[in-house]
Amino acid sequence: MFGDMTTFENLFDELRRMEQGIDQIFGRSTRPAGIRSVSRGTFPPTNVGVTENEVHVYLFAPGLDAKSFNISMQQNLLLVSGARELPINQKATYFRQERFEGEFRRVVTLPEDIDPERVEAKYRDGVLQISLRRQETAKPRQIQIN
Amino acid sequence: MNDKQATAAHQSSSAAQRTEREVDYPLVPPADVFEDADGITLRLDMPGVSKERLSVKADKNTLVIEGEVQIAMPQGMEALYAEIQSTRYRRSFTLSGELDAEKTVANVNNGVLSVSIPKRAELRPRKIEVTAG
């Protein structure tokens, strides 16, 4: 009776494996990836954006307590670690368990010019946003042409 | 507008639509789904979605969950790299008749959406007492 559904799920597993295989050969996208970035599906997914003065790191890590993150800086490496526990309802039958559970650790390579003393972090709607300032000297200078 | 212009406009608008679709391909939030005697509960990871930007629709047959990511971003920001490349979440599930979709309850906390759909009272399993004698 459930034969078809099982095959369907397997098909997705198969696709995911193929996708990972393709990732390994070609890289996951033509967009530039960080040297320490990891393959698709790693928790928490991370975006990094830059402006002239600031660098913003967004970690999409829902269902956590703001105080449970360990955030540290090492030169221009940002390390974020923590753990997410999902209590199991013993009386229930689980059909899907797709959400990440366990310890996680992400390392983000930041531009060289960030000021390691000026870091701010906030957690809102399950997104951890870490904001860093770039050093003044690193800002592009306008060069006058005489 | 002559024919040539009309064609050009048509082409550019269809190109714009295509790009929009590629960029706006929704994220499928990972879900845990479990069932107990009272009903079915879903938990979905939807980071960046606040209560105001969330839509949970349940009718007799389907449950549709949609959400929009809203994060304050400074102006002129360029992505250095991005693993999340959309600002929309969408996922849907088919429901079965023993569930009372009208009594669906949803709440969101720290980017995790919980949805509970109770079973119709008359269809909940009853424990049958066995008496000796």
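What you see is a predicted model; the values in this text were computed from it and never measured.

1. A few points about the overall build of chain A
Line of reasoning, step 1. Secondary structure summary: chain A contains one helix and eight strands in total.
Line of reasoning, step 2. Reading chain A from its N end, one meets helices and strands in the order α-β-β-β-β-β-β-β-β.
Line of reasoning, step 3. In chain A, the proportion of contacts linking residues at least 24 apart, taken out of those at least 6 apart, comes to 50%.

2. A short note on the interface of chain A and chain B
Line of reasoning, step 1. Listed per partner, the contact involves 33 residues of chain A and 29 residues of chain B.
Line of reasoning, step 2. Elements that contribute at least two residues to the side of chain A that touches chain B include exactly strand E1 (46-50), strand E2 (54-60) and strand E5 (93-97) of chain A.
Line of reasoning, step 3. Looking at the side of chain A that touches chain B, its residues break down into 14 nonpolar, 12 polar and seven charged.
Line of reasoning, step 4. Examined bridge by bridge, E5 of chain A and strand E1 (residues 31-35) of chain B share four bridges and lie antiparallel to one another. When the sheet's bridge partners are listed, Gln 97 of chain A is paired in E1 of chain B with Asp 32 of chain B.

3. A word on the confidence of the model for chain B
Residue and element names in this part refer to chain B.
Line of reasoning, step 1. Taken over all residues, the pLDDT of chain B has a mean of 82, while the share at 70 or more is 82%.
Line of reasoning, step 2. The lowest-confidence element of chain B is helix H1 (residues 3-23), averaging 46 in pLDDT; the highest-confidence one is strand E8 (residues 112-118), averaging 96.
Line of reasoning, step 3. Scored below 50 in pLDDT, residues 1-22 makes one contact in the model with residues more than four places away or belonging to other chains.
Line of reasoning, step 4. Overall fold confidence for the complex sits at a pTM of 0.73, while the interface term, ipTM, reaches 0.75.

4. Structural notes on the nonpolar core
Line of reasoning, step 1. One finds Val 55, Val 57, Leu 59, Leu 78, Leu 110 and Leu 128 of chain A to be the most contacted residues of the largest nonpolar core, which totals 20 residues.
Line of reasoning, step 2. Contributing elements (two or more residues each) for this core: E1, E2, strand E4 (77-84), strand E7 (114-124) and strand E8 (127-134) of chain A.
Line of reasoning, step 3. It is E2 of chain A that contributes the most residues to this core, five residues altogether.
Line of reasoning, step 4. With residues near it in sequence (within four places) discarded, Leu 78 of chain A still touches Val 57, Met 73, Val 108, Leu 110 and Ile 130 of chain A.
Line of reasoning, step 5. Within the second largest apolar cluster, 18 residues are counted, among which are Ile 40, Leu 42, Met 46 and Val 108 of chain B.

5. Structural notes on the confidence of the model for chain A
Line of reasoning, step 1. When pLDDT is averaged across chain A, the result is 80; 69% of the residues are at 70 or more.
Line of reasoning, step 2. Across residues 1-6 of chain A the pLDDT falls below 50, and counting only partners more than four positions away or on other chains, this stretch makes zero contacts in the model.

6. Thoughts on the sheet that holds strand E6 (residues 102-109) of chain A
All names here are of chain A.
Line of reasoning, step 1. Spatially, the three strands line up as an open sheet ordered E3-E4-E6, and their pairing is antiparallel. Looking along the sheet, the strands with just one partner apiece sit at the ends: strand E3 (70-74) and E6. Averaged over neighbouring strand pairs, the angle between their axes works out to 15 degrees when direction is ignored.
Line of reasoning, step 2. The sheet contact formed by E4 and E6 spans eight bridges and is antiparallel. Bridging across to E6, Leu 79 finds its partner in Val 107.

The rules behind these values
- Within any chain, residue numbers begin from 1 and follow the written order of that chain's sequence.
- Throughout, the order in which chains and ligands are written sets their labels, letters from A for the former and numbers from 1 for the latter.
- This being a predicted model, a pLDDT of at least 70 is required before a residue's local features are given, and a value of 80 or more before pairs of side-chain atoms are given or counted; all residues contribute to the totals for chains, interfaces and linings.
- By the criteria applied, helices consist of DSSP H or I runs no shorter than four residues and strands consist of E runs no shorter than two, each listed in order from the N terminus.
- Whether two residues are in contact is decided by their C-beta atoms, placed from the backbone, lying within 7 Å.
- Residues are sorted three ways: Asp, Glu, Lys and Arg are charged, Ala, Val, Leu, Ile, Met, Phe, Trp, Tyr, Cys and Pro are nonpolar, and all the rest, Gly among them, are polar.
- Only strands joined by at least two bridges in the DSSP assignment are considered to pair.
- On a range of 0 to 100, pLDDT expresses the predictor's confidence in each residue.
- What makes a nonpolar core is a set of buried Ala, Val, Leu, Ile, Met, Phe, Trp, Tyr and Cys residues, with links drawn between C-beta atoms within 7 Å.
- Counting other C-beta atoms within 10 Å of a residue's C-beta gives its exposure: the residue is buried at 20 or more, exposed at 12 or fewer, and partly exposed in between, where C-beta atoms are placed from the backbone.
- In this analysis, axes come from line fits to C-alpha atoms, helices being fitted only over the stretch in contact, and the angle between any two N-to-C directions falls in the range 0 to 180 degrees.

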